[in-house]
Structure formats: C-alpha cells, structure tokens
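# Coordinate inspection notes
What follows is each chain in one-letter form.
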Amino acid sequence: MAKKKLAHKLLSAMLSLLSHGRRPPLSRAPAAAAAAQQGPQPQPSRPVVHHNATPPAAGTTTANTTTTLVVDVDTALLLSGGDLFPYFMLVALEAGGFLRGLVLLLLYPLVLCLTSRSAAVKLMAAAAFCGLRASRFRAGRAVLPKWFMDDVAAEAFEAARAAAAPARWACVTAMPRVMVEGFLREYMGVDTVVAPEMKVVWGFYTGLMEEGGDHEQVFMAAAAAEEEAGRKKTEDGDVLGFAGSLEFLNHPLSHCCKEVYVVSPEERSRWRALPRGKYPKPMVFHDGRLAFRPTAADTAAMFAWLPFGAALGAARLAVALTVPYRYSTPILAATGMSWRLKGARPPLPGAGDGGRSRGQLFVCNHRTLIDPVYVSVALDRQVRAVSYSLSRLSELISPIGRTVRLTRDRGSDGAVMARLLDGGDLVVVCPEGTTCREPYLLRFSPLFAELSDDVVPVGIAVETSMFYATTAGGLKCFDPLYYMINPRMCYTVQFLDKVDTSPARGGAAPSTDMANLVQRKMGDALGYGCTMLTRKDKYLMLAGNDGIVRTEDKSGAGAGAGKKTKSKRKND
C-alpha cells in the first residue's frame, strides 16, 4: 500500500509540473521514510527510440489520449542543431561589451576541441556571464528572443504543436535558464523549462552553472515509480520525447518518455525557418545592437571591420555635414550609405501650391533618430524635426540643425508645432513616440491631426547590415554613430498622398480616428502591421521602465528662452 501511495504522489507531481510549470508541495518526511523501507529504487528502462521520425499528431495512436511532449530545444526545435555559440556571443556582446565578446571569440578554438558538449557549454557560459550583474541582465528577455524565434524550424514547430499543445511541452536545454526562459514562456507559450541555473554571488554571476534541481528530481523519481509500477504511460496520457540527437537519451527526462523520436541530420537539412506569419506571438519589440547572427566567422569579420568602420563612419559624417545634399548623395552611396525615394515628392508650400505661406506637416513612422534627416534629403529642403528626447551629441552632428524639443504637455507641444507651421516651416513629427525595428506600426498619437488641415504621411524603411541604430537599454547618444559604421545601409523614403485632417482640426471628427486612418494608410503602403502598442509597452518589456527621462530643460524650446524648467521626457 505504501509503495502505491508513493508512486501516486510522484506521478501527480510530474503531471502538475508538466501542466502548470511548478512543483506541488510534497511531504518529504513520509516519502523519505517510505523510500528507506523500500530500499534502492530501480533504474528506469530506456524508452523506445524512433529514428528519422517526428512525433505523431495527438490522437493518431491512442484514442482520447493527452500527450505531454519533452522537447530538446537545442537539437530539435532550433535550426542551428545544437550550435549554441551565437547565443552566448550575443550575451557577451550585448550584456558585456566588445572586449568580452573578443575573449569569447578567442576561446572558440578551445570550444571546438572539447569533445563533451556539456563542457563546451560551461566554458562559453563562464566567458559570457562571469562578472555580469544579475539584476541588470535583460538580454534573455530583450535581445535573445528575436534570434531564437528566427532560428525556430517550421517543420519541428508544426510537428511538436500537432503532437501536444505548447502548454504541455517540457522544454529541455543545455543553455542557462536566464537565457531561454523568456523566449519559451513569453513567445512559445511553454509552461515548463528545464535548464541549468547560473550561480550568483553578491549579486554577480560567477560564470558557473548549477546542474539538476527540483524539476529533474521530480521527473527522475516519477520515472522510477513508473518503472516500479510496470507502466510507461501516465494517468493523463503518453509522455513522448522529441530530439535531434541521441545525446538526449542521457538526459534524466528521457527516462520519463514512453517513446523518443529522433530526427536525422539529413531531414534537418531540409527544414526551413518558421515564417513570421506563423509565430505563436508577434515579435514586435527587441533590443541589442547586432543586426546579424554572430556566428564565429561573422563575429571575426565584425571585429576586423570595426577599425575601418570607425574611420569610414567619420568620413561619412564629415561629408554629410559639409557637402550639399545633391552632391553628398552619390559620394555617400559610393561608400555603401545609400537611400532611395519611392514615389514622387509632394508639392511644397510656395512652390506650385498657390503661394501658400503656411508650412507643411510631415508624419512619418519612427525607425531611427535620423528619420527626419532623410526626409530632408528626399525633399532637398531643410526641415524642423520635433522630438521628446535627443542627446546633445546626436543634435550636434545632425545636418538639419537644432531639433525642437517637446515636453509631453499636450497644450504646450501643440502650440510649439503650430507656431512652426505658421512660420512656414516644414515640420517632421513621429507620432509613434519611439522607434520600432520590426515591420509593425505602434499607436499614433492624435495630436498631429489637430494642427493642420492636411498632413503628408511618409513611410520609412531602414536596412542595416551589421548594427542597429536604436537601443532601449543602452546609450542613445551612440545611435547615429552605430548607423554610420555599418558596411552597408539603405534608407527608403516614400511620400504618400495627403490626408485631409480638417474634420479633426475643426472638431467635426475625433482626432484619434484621423490618426488611425493615417496609420492604416502607412501600414498598407509599407506592408507593416498596425498595433495599439505604445512607447510604455516597449520600455516595460525591454528596459523594465516606462521610458521616462527626468532632465532639466535649458533650451527654452516652446517655453520661453532663458527659462530653466524641469520636465519629464520620453526616450525615443
């Protein structure tokens, strides 16, 4: 009787862990006493292994069976097939800096020489994590999910989802939990993640990983109890394994599986990346500077390029600041810094518009801090950019002059932009309030619709080859510099037809309706999805704050020259 009760408790613990991702409280003292009376537990037998096969769809083998799937993330779910170096390099570069990344790159030959995959992972983890402050580490949620999602194999994901809902997956990985848990839980919908923990001492990562833990102990005990009871099927259904390597059979969780399906390398070579339209959750926000997957070869090429890129970036900046647009465009294009105009330029005030003296309002989506610069280049006219926050360095190297700073006060900001328009200026505003790298548009602030009888929507698209020119958690003053040192980059500017916003300005229609109309037109032209996400959503996800930067405004923009006022501004 005692043996049956123990087996029942252990099986219940496993099912609760698989279903809810946490271990229910178990009475340790009675279990220990019962285990002492029973003597050594029998070792579970190995599961049935199916080579060159993926898990069958749920219900195809046994009627009314709920399947729980143990997935080897490293070798089955990801296209890279166990090559984890790029992910540790992302941690090293994004959380530790270029010097730490260089150290990890120099250790790569040693990583290749290690015959044990576990030892190689431990070495890369030590180089990537040692000395990082644990409380400030956000790469697991802000940076890595984008690269994990790009590496998900469509065939593996579809097969696993057909076999069991993601909520009933138990994902196994050799990477530290802090690297993969954000991706698996938030984007894949997985409840149970079995991964080693990084040791923390005095708030800093030591670089050492802690193996095992409560999750594996529960699964191992459950497997032993199942073997003792003479069955390989849980009360709720089958437990199946899905891997891309036979090494998975050495993992304790493999002993919980009735059957394990192992995909061959030949089959994996035919797999393709999961299309964006089939993502379980849209990838709208991500952070980090790297715009490429840092394999060892590509990372070495990046370090070789940096000295040349810094010199080339300085030369590009000098040309952009000193040479007129019509001459600087071919010069910069020869260096790899190009732009293209899609469609025709709109008529400008005083040039084919009946001598109209009031300025024109241009509304563009926000990709980088230098969006207004390329709008100015495309128009071949100086424009006035309005922004909520801009570093002094970015303003200093801007070829379009001083940016008009806003304060997030609706009345004063509206008055500032109205005064610029009344003065005949071409005003560029980004109503999203922050940048977005992915093909999505954030919610448009409706203030612009109340300032002019018509607006010109401007679609912006940016392509970079090495570095992103935006960041949520890093130093924003370096954003333009990172853009300049890219080997190749291209801006695409597309002017859309004017949108009549006079109903909103006259109060006949809600300004939010006009803002949503402009957003939809821009999304249709660019092929981007429209969302109602805001700047606050972005910063809460990527940086753990609401994007507020408290500064002292001495510029007097919109508040009277010479006055010193404290204000709250938002990061771009």
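On to the pairing of strand S15 (residues 454-464). The two faces of a sheet get side chains in turn, since along a regular strand they alternate between them. Relative to S15, strand S10 (residues 360-364) is paired through four bridges, and the arrangement is parallel. In the sheet register, Cys364 faces S15, and the bridge partner there is Val458. Direction of pairing for S15 relative to strand S17 (residues 499-500): antiparallel, over a ladder of two bridges. Pairing of Val455 across the sheet is with Val499, part of S17. Taken together, the seven bridges between S15 and strand S16 (residues 489-495) define a ladder with antiparallel strand orientation. By the bridge assignment for S16, Val458 is matched with Phe495.

The next thing to look at is helix H16 (residues 371-379). For H16, the tally of buried residues reaches nine of nine residues, placing the bulk of the element in the interior. Every buried residue belonging to H16 is among Asp371, Pro372, Val373, Tyr374, Val375, Ser376, Val377, Ala378 and Leu379, and all of these are buried. A positive phi of about 55° marks Asp380, the residue just after H16.

Bringing the nonpolar core into the picture now. The nonpolar side chains of a soluble globular protein tend to be buried with one another. Counting residues in each nonpolar core, the largest one holds 84 residues, and the members touching the most others are Tyr87, Phe88, Phe129 and Trp169. Once residues lying within four places of it in the same chain are set aside, the contact partners of Phe129 are Phe88, Val91, Arg100, Phe137, Pro176, Val178, Met179, Met198, Tyr205 and Gly207. Membership of the second largest hydrophobic core comes to 34 residues, among which are Phe362, Val456, Met484 and Met489.

A few words on the layout of surface pockets. One number sums up the size of the largest pocket: a volume of about 660 Å³. In terms of lining, the largest pocket is formed by 27 residues, of which the most central are Leu93, Glu94, Ala95, Gly473 and Gly474. Only helix H4 (85-96) and helix H8 (139-142) provide two or more residues apiece to the lining of the largest pocket. Counting residues per element, the lining of the largest pocket draws most heavily on H4, which supplies four residues. Here the residues of the lining of the largest pocket are counted per class, giving 15 nonpolar, six polar and six charged.

On to the side chain of Glu438, then. When you line up the elements, Glu438 lands in the loop between strand S13 (426-429) and strand S14 (440-441). Taking relative accessible area as the criterion, Glu438 reaches 5% and is therefore assigned buried. Of note is the side chain of Glu438, whose polar atom sits 2.7 Å from the side chain of Arg276. When near neighbours in sequence (up to four residues on either side) are disregarded, Glu438 contacts Lys146, Arg276, Met283, Val284, His286 and Arg367.

Attention now moves to empty space enclosed by the protein. All chains considered together, the criterion is met by three cavities of 30 Å³ or more. In this structure, the largest cavity encloses a volume near 540 Å³. The wall of the largest cavity is formed by 35 residues, among which Leu369, Ile370, Pro372, Val373 and Pro399 lie closest to the centre. Counting only elements with at least two residues in the lining of the largest cavity, the list comes to helix H14 (296-322), helix H15 (325-334), strand S9 (337-342), H16, strand S11 (384-387), S13 and helix H19 (479-484). Along the lines of polarity and charge, the residues of the lining of the largest cavity split into 25 nonpolar, nine polar and one charged. Of the pockets and cavities examined, the second largest cavity occupies roughly 70 Å³. Along its surface, the second largest cavity is lined by Val284, Phe285, His286, Asp287, Thr435, Cys436, Arg437, Thr470, Thr471, Ala472, Lys538 and Leu542. Partitioned by chemical class, the residues of the lining of the second largest cavity number five nonpolar, four polar and three charged.

One non-glycine residue, Trp202, adopts positive backbone phi at about 55°. Examined against the element boundaries, Trp202 turns out to sit in the loop between strand S5 (197-201) and strand S6 (204-210). Here Trp202 falls in the exposed class, since its relative accessible area comes to 82%. A positive phi angle, close to 55°, is found at Asp380, a residue other than glycine. Secondary-structure assignment places Asp380 in the loop between H16 and S11.

This part is about the packing of aromatic side chains. Counted by the stated rule, this structure contains 14 aromatic pairs. Residues Tyr483 and Tyr491 carry aromatic rings whose centres are separated by 5.8 Å and whose planes lie at 70° to one another, so their mutual orientation is edge-to-face. Joined through ring pairs, the aromatic side chains of Phe98, Phe303, Phe467 and Tyr482 make up one cluster. The lysine or arginine in question, Lys281, covers the ring of Tyr187, its NZ or CZ lying 5.2 Å from the ring centre. Over the face of the ring belonging to Tyr468 we find Arg437, whose NZ or CZ atom lies 4.1 Å from the ring centre.

As a further point, take the side chain of Thr299. Along the polypeptide, Thr299 turns up in helix H14. Side-chain polar atoms of Thr299 contact the backbone oxygen of Thr295, separated by 2.7 Å. Look past the residues within four positions of Thr299 in its chain and what remains in contact with it is Met89, Leu105, Phe292 and Pro294.

Moving on, we get to the packing of H14 against H15. The description of two helices packed together rests on the angle between their axes and the distance between the axes. Packing of H14 against H15 brings their axes to within 9 Å, and their N-to-C directions diverge by 165°. Taken together, the axes of H14 and H15 are roughly antiparallel relative to one another. As H14 packs across H15, the resulting crossing turns out to be left-handed. Contacts between H14 and H15 involve Arg316, Val319 and Ala320 from the first element and Ser328, Ile331 and Leu332 from the second. Residues of the contact of H14 with H15, tallied by class, amount to four nonpolar, one polar and one charged.

What counts and what doesn't
Residues numbered from 1 in each chain as written. Predicted model: local features only at pLDDT ≥ 70, side-chain atom pairs only at ≥ 80, totals over all residues. Heavy atoms only, no water. Pairing = 2+ DSSP bridges. Helix = DSSP H or I, 4+ residues; strand = E, 2+ residues; numbered from the N terminus. Buried < 20%, exposed > 50% of the residue type's maximum accessible area, 1.4 Å probe, protein only. Core = buried A, V, L, I, M, F, W, Y, C linked by side-chain atoms within 4.5 Å. Contact = heavy atoms within 4.5 Å. 1 Å grid on protein atoms, 1.4 Å probe; cavity = no way out; pocket = protein on both sides within 12 Å on 5 of 7 lines; lining within 4 Å. Points joined across faces, edges and corners; volume = space filled by probe spheres on them. Nonpolar A, V, L, I, M, F, W, Y, C, P; charged D, E, K, R; others polar. Polar contact = N/O pair within 3.5 Å; in protein donor to acceptor, adjacent residues only side chain to side chain. Phe/Tyr/Trp six-rings, centres within 6.5 Å; stacked < 30°, edge-to-face > 60°. Lys NZ or Arg CZ within 6 Å of the ring centre and 35° of its normal. Axes fitted to C-alpha atoms, helices over the stretch in contact; angles between N-to-C directions. Parallel < 35°, antiparallel > 145°, perpendicular 65-115°, else oblique. Left-handed = near helix turned anticlockwise from the far one by under 90°.

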